[in-house]
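These are the residues of each chain, in order.
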Amino acid sequence: MRSIWKSLIILSILASSLLIAGEAQSESGERTIRIWFSHIEPENACMKEIADSFSLKTGIKVEVISRRSIFDSPRDLANNAELKDRPDIVLMQAPDIGNMVVSGLIMPLEIPPELRARYLSATFDAFTYNGKCYGIGYSLDTSGLIYNRDLINESDLPETWDDFFAIAEKLTIRNNDGKIVQYGTLLNPKDMWFNYPIIVEYGGYYYGKAPNGTYNPYDVGLDNENMLDYVKKMKELQAKGLTLANENATESHISAEFANGRAAMILYGLWNASIYKSMGVNYGIAPLPRGRNGEVSKPLATVQGFVINSFTRDLEGAMAFLDYILEDDNQQRLIEAGNRCERKTGERNPCNIAVIKSDYIRSDKILSSLSSIGFNCEPFPNIPEGTIWYNYVPTAFRSIFYGDRTGGEVNAQEKLIELANKIRSDVAAISNLPERIEIPLYGYIVFSLLVAGAIALIVFLAVLRYRRSGNAGHSSSIRETAIAWGLLLPILFLLFLFYVFPVFHNIFLSLTNYSGVNLRNYGIIGLANYREIFTTGIEGLMSMTLWTITFAILVVGQSFVAGTVLAVMLDRVQVKISKIYKIIFILPWVVPSVITLLMWRGMLERDGLVNQILAVFGMPSVPWLSSSLVAKISCILVMTWFSFPYFMVIASGVLKSIPRDYYEVAKIAGANNSYIFLRITLPLVFKALFPMLIMSFIMQFNQFGVYLLTQGGPPGDVLGSPGSTDLLITYVFNTAFNTKRYSMAAAYSVIIFGFVGLFAIVSLKISNRRAYE
């Protein structure tokens, strides 16, 4: 035994020595720059070649890190900006820089006139915040007028928006039944991204600008009188069938109609260009029509560009490599690689003017037209409050154009005023953070003493219990116990790291003002978040809690009963047939839930497969996802369909352990099958599976699949209120990622954890007491 302990100590010393040596080598080694780049592998390979060339010239090593998605960059930078493996340069979307700047995570850049002259103005405008430029654009995502050349000639494209509407109506074709078989255009009334140029045409806007050019988030241009003209126009188009008929449909449906050759013109980008090509659509892209002022309308644009980490270890090296990336030749190589070279997919739209004028771009009419739009676009606002509108505009426009939850007409002016006021309210909430509570040093000392005392008490009680067990006097028992705890230490450490620590860290965050605009310098604010939840948010909390409990109980109860019934039925058939049916029934549990939920979402749409089947039998369509009550029933049924195979498999095993004597005695007493199932089988299976039922309840209580199925909808009639099918966990998600109030989301999570934990403890106590009795 001593030799084992000596070996373990020697291995620990060697591992520590190697770790320290590695740290020392990395600290004293060559200069290294790390860049977080792209999700496109050919583009990453090209960047590595450029990095190797830079290293040969300067001696500075460059690590190119491929990324899963550019949408992860802000969160990942916030978590890694000061760590050992921190990035020096990050490819990021310009709309995300507001939070990064306010939190001090990225640094301003000096842009020389020579560099400005070589790039589009949007390259720098998109990354300018409070008069300082924090990044340099590389690729510009925007939209235009995509048209089908087989349905409309380029020479016939609309010059103005009035022409656009008139031509769209002219190109719309209906069959003898009045059903549209070809759309002149197809718009989404709920959208404010692709429709934004039309909104501007009628006098609406996102956020106004101060005289110095900075955005004023309190100046929301969605409740002025001109917006009523936009609503009137969209309702006219809606009556003519030129907008989406289904309130749950999205831009993907519009793109699908275009891909199938059933739409002449749409307002979209080249994100689905590969699909259009594969479907054989002869398409083109052109600038938007001119507005009433005679100028070409500006589409919204998202610029992707490079920013510098404020905590870079080698600012000089990072700036040198950034300058090297921005050279025209290197930009040309990167853009070509990003567009898959000769495939010219349109995934990258250059910001560099020399690349825009290159033969690679000019030789392709699609890429050339798209790049020309970059000279005349409006970058999406990069302020921290920039995306707030997205939380409410689709819901407000849905009510205006499709009616409220009961289908009743909504007063457009009142809803627009409510929309603008809600945005201003959230702007104020983001800006007005609760005051921090300054805790003196003795407060931390007292807290540490209390924690240490609690740990000491737990250890004392454990030792006291051990001594009372009668094993305290045996040296062999002590040695074995020590060895057992030593072997358990690694797994206990992992459990603490991945389970215990996150719980306490989440509790800590719920007591702070941690938010999207306060990612680093947040502090303790006490119970302010809980006070807001249990005062202003108590109505929403109670309604969501009631629905969540109802949902979890019904799903678990139905799944348990259905699974047990199927297990009993399969137990009575031949073994081979039973195996076949078990495989069939278990498929819903095996197939990835994301795929299955999206499939169910499509089938439950107004014109989905389920309603098509009902129509065959002469039955009316059912609003599976658009009616509040029916949507809740749909969620319960779909999640039951997901869960019952699990209980069927487990119940099959439990049935084998039930003594057959029970059934024989019941049959002799004259009991029928229903009585035997309800009075013998079901209670015994329930008793055996009770711990699993508790775990299933907890899983359904935190079921996120509902959000994939319904997006929390149908939305509430009051903007900002929980949707009809929002569970507590989905509302926490919306709070955290839509409003960026991370500490508030943490407080909700603590409440959920407390409720579920209390439920589990009480349930297990009751179960153990009944088992003992």
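Quick note: structure is the one above.
Below is a short write-up of the structure. Bear in mind that the values here come from a model prediction, so they are computed numbers and not experimental data. (Residues numbered from 1 in each chain as written. Predicted model: local features only at pLDDT ≥ 70, side-chain atom pairs only at ≥ 80, totals over all residues. Heavy atoms only, no water.)

Another aspect to go through is the side chain of Ser724. With respect to the secondary-structure elements, Ser724 resides in the loop between helix H29 (705-710) and helix H30 (728-737). Look at Ser724 and you get buried, because its relative accessible area is 4%. Of the polar contacts made by the side chain of Ser724, one reaches the side chain of Ser628; its length is 3.0 Å. Those residues within four positions of Ser724 in sequence are excluded, and the remaining contacts are Arg405, Trp547, Ser628, Lys632, Gly712, Gly713 and Pro714. (Helix = DSSP H or I, 4+ residues; strand = E, 2+ residues; numbered from the N terminus. Buried < 20%, exposed > 50% of the residue type's maximum accessible area, 1.4 Å probe, protein only. Polar contact = N/O pair within 3.5 Å; in protein donor to acceptor, adjacent residues only side chain to side chain. Contact = heavy atoms within 4.5 Å.)

This next bit is on the packing of helix H22 (residues 538-571) against helix H26 (residues 628-657). Following both chains from N to C, one finds H22 and H26 inclined at 45 degrees, their axes separated by 5 Å at the closest point. With respect to their mutual orientation, H22 and H26 come out oblique. Once H22 is placed against H26, the crossing between them reads as right-handed. Looking at the contact of H22 with H26, its residues break down into 19 nonpolar, seven polar and three charged. (Axes fitted to C-alpha atoms, helices over the stretch in contact; angles between N-to-C directions. Parallel < 35°, antiparallel > 145°, perpendicular 65-115°, else oblique. Left-handed = near helix turned anticlockwise from the far one by under 90°. Nonpolar A, V, L, I, M, F, W, Y, C, P; charged D, E, K, R; others polar.)

The next thing to look at is helix H13 (residues 328-338). Helical geometry note: an α-helix holds 3.6 residues per turn, so side chains three or four residues apart project in the same direction. Here H13 has its buried residues at Asn330, Gln331, Gln332, Leu334, Ile335, Ala337 and Gly338. Packed against the buried residues of H13 are helix H2 (41-58), strand E6 (136-142), helix H12 (315-325), helix H14 (353-356) and helix H15 (359-362). Trailing H13 by a residue or two, Arg340 shows a phi angle of about 60 degrees, which is positive.

Soluble, globular proteins show a tendency: their nonpolar side chains are buried together. Core analysis: the biggest nonpolar cluster contains 143 residues, and Tyr230, Phe306, Phe321, Phe397, Leu419 and Ile423 have the highest contact counts within it. The dominant element in this core, judged by the number of residues it contributes, is helix H17 (residues 388-402), at nine residues. Each residue touching Ile423, except ones within four places of it in the same chain, is listed here: Tyr207, Val220, Leu222, Ile388, Trp389 and Tyr392. Counting 45 residues, the second-largest nonpolar core is a separate cluster that includes Ile533, Leu570, Phe647 and Tyr731. (Core = buried A, V, L, I, M, F, W, Y, C linked by side-chain atoms within 4.5 Å.)

All right, on to the packing of aromatic side chains then. Going through the model one piece at a time under the given rule, you end up with 39 aromatic pairs. For the ring pair Phe560 and Phe686, a centre distance of 5.9 Å and an interplane angle of 70 degrees mean the geometry is edge-to-face. Taken as a pair, Phe560 in helix H22 and Phe686 in helix H28 (residues 673-701) lie far apart in primary sequence, 126 residues in all. Overall, the relative accessible area of 6% leaves Phe560 in the buried class. With a relative accessible area of 36%, Phe686 lands in the partly exposed category. Centroid distance Phe697 to Phe701: 5.9 Å. Interplanar angle 40 degrees. Geometry classified as tilted. (Phe/Tyr/Trp six-rings, centres within 6.5 Å; stacked < 30°, edge-to-face > 60°.)

It is worth spelling out the pattern of salt bridges at this point. Once their charged atoms are close, side chains differing in charge can pair, the charge on each being opposite to the other. Enumeration over the complete set of coordinates arrives at 22 salt bridges. Residue Asp76 is joined to Arg75 by a salt bridge in which the shortest nitrogen-to-oxygen separation is 3.3 Å. Linking Glu247 and Arg606 is a salt bridge whose minimum nitrogen-to-oxygen distance equals 2.7 Å. You can see Glu247 sitting in the loop between helix H9 (225-239) and helix H10 (251-259) and its partner Arg606 sitting in the loop between helix H24 (593-603) and helix H25 (609-616), a full 359 residues away along the chain. (Salt bridge = Lys/Arg side-chain N within 4 Å of Asp/Glu carboxyl O.)

Okay, the environment of Phe380 next. Within the secondary structure layout, Phe380 lies in the loop between strand E15 (378-379) and H17. Sequence separation of Phe380 and Pro620 is 240 residues, and the distance between their C-alpha atoms is 43 Å. Not counting the four nearest positions on each side in its chain, Phe380 is found in contact with Pro95, Trp193, Tyr206, Leu300, Ala301, Gly386, Thr387 and Trp389.

Strand order in the open sheet formed by five strands is E8-E9-E12-E7-E13, with mixed pairing between adjacent strands. Unpaired on one side and paired on the other, strand E8 (173-174) and strand E13 (283-286) mark the two borders of the sheet. Examined bridge by bridge, strand E7 (residues 144-148) and strand E12 (residues 263-268) share four bridges and lie antiparallel to one another. Bridging from a neighbouring strand, Tyr147 pairs with Met265 of E12. (Pairing = 2+ DSSP bridges.)

A few words now on the environment of Val591. Note that Val591 resides in the loop between helix H23 (575-590) and H24. As for Val591 and Phe642, which are separated by 51 residues in sequence, their C-alpha atoms are 9.6 Å apart.

A word on unusual backbone geometry. Although it is not a glycine, Lys344 sits at a positive phi angle of roughly 50 degrees. With relative accessibility at 12%, the residue Lys344 sits in the buried group.

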